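Here are the chains, one letter per residue:
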Amino acid sequence: MRIPRVALWLFGLYLLVYVGFMALSAFAPGVMAATPLAGLPVSLLYGLLLIALAFLLAALYLRVAR
């Protein structure tokens, strides 16, 4: 029973971060267009964060599931 609960928490965390991305895209496009780091837009950095977070959460899940 522990593993499904962990999976739901990890999914919830990812969903929260993803909804934040979608909300910023829809309601604050100016924020997403800002270039805070080496001329890269926030949208790109946030997208890369989502990809990295997916791998990190998958690794965490595999560690817990063993």
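This text goes with the structure placed above it.
Residues numbered from 1 in each chain as written. Predicted model: local features only at pLDDT ≥ 70, side-chain atom pairs only at ≥ 80, totals over all residues. Heavy atoms only, no water.

### Considering the overall build of the chain
Helix and strand counts for the chain come out as 3 helices and 0 strands. Shown N-terminal to C-terminal, the secondary structure of the chain runs as helices and strands in the order α-α-α. Taking 66 residues into account, the globule formula puts the C-alpha radius of gyration at 11 Å, and the chain, at 15 Å, lies well above it. In terms of overall dimensions, the chain has a C-alpha envelope of 45 × 25 × 10 Å along the principal axes. Split into buried and exposed, the 66 residues of the chain put 17% on the buried side. Nonlocal contacts in the chain, meaning residues at least 24 apart in sequence, comprise 54% of its contacts between residues at least 6 apart. A total of about 5000 Å² of accessible surface is found on the chain, and carbon and sulfur atoms cover 78% of it. (Helix = DSSP H or I, 4+ residues; strand = E, 2+ residues; numbered from the N terminus. Rg over C-alpha atoms; globule rule 2.2 N^0.38 Å. Buried < 20%, exposed > 50% of the residue type's maximum accessible area, 1.4 Å probe, protein only. Contact = heavy atoms within 4.5 Å. Areas by Shrake-Rupley, 256 points an atom, 1.4 Å probe, with all protein chains shown as cover.)

### Observations regarding the nonpolar core
Side chains of a nonpolar character, in soluble globular proteins, are inclined to be buried together. Among the nonpolar cores identified, the biggest contains 9 residues, and these are Leu10, Val17, Phe21, Met32, Val42, Tyr46, Leu50, Leu53 and Leu57. Of all the secondary-structure elements, those providing two or more residues to this core are helix 1 (2-27) and helix 3 (42-65). The greatest single-element share of this core, amounting to 5 residues, is contributed by helix 3. In this structure, Leu10 is in contact with Leu57, Leu60 and Tyr61, ignoring residues within four places of it in sequence. (Core = buried A, V, L, I, M, F, W, Y, C linked by side-chain atoms within 4.5 Å.)

### Quick notes on the environment of Leu10
Position of Leu10 among the secondary structure elements: in helix 1. Looking at Leu10, the relative accessible area reads 14%, which means it is buried.

### Examining helix 1
In a regular helix each residue adds 1.5 Å, so 26 residues correspond to 38 Å; helix 1 covers 37 Å between its end C-alpha atoms and thus fits that length. Next to the buried residues of helix 1 lie helix 2 (29-33) and helix 3. (Expected span 1.5 Å × (residues − 1).)

### Some details on the packing of helix 1 against helix 3
The N-to-C vectors of helix 1 and helix 3 enclose an angle of 180°; their axes lie 10 Å apart at closest approach. Accordingly, the angle class assigned to the pair helix 1 and helix 3 is roughly antiparallel. In this structure, helix 1 contributes Arg2, Ile3, Val6, Ala7, Leu10, Leu13, Tyr14, Val17, Tyr18, Gly20, Phe21 and Leu24 to the contact, and helix 3 contributes Ser43, Tyr46, Gly47, Leu49, Leu50, Leu53, Ala54, Leu57, Leu60, Tyr61, Val64 and Ala65. (Axes fitted to C-alpha atoms, helices over the stretch in contact; angles between N-to-C directions. Parallel < 35°, antiparallel > 145°, perpendicular 65-115°, else oblique.)

### Side note on unusual backbone geometry
The phi dihedral of Ala38 is positive, around 55°, even though this residue is not glycine. Secondary-structure assignment places Ala38 in the loop between helix 2 and helix 3. Residue Ala38 is classed as exposed on the basis of its relative accessible area of 76%.

### Here we look at a nonpolar patch on the surface
Together, Phe11, Leu15, Tyr18, Val19 and Met22 make up an exposed nonpolar region whose accessible area comes to about 460 Å². Note on placement: Val19 falls in helix 1. (Patch = residues over 30% accessible without salt bridge, like charges linked within 9 Å, V, L, I, M, F, W, Y side chains within 5 Å. Salt bridge = Lys/Arg side-chain N within 4 Å of Asp/Glu carboxyl O.)

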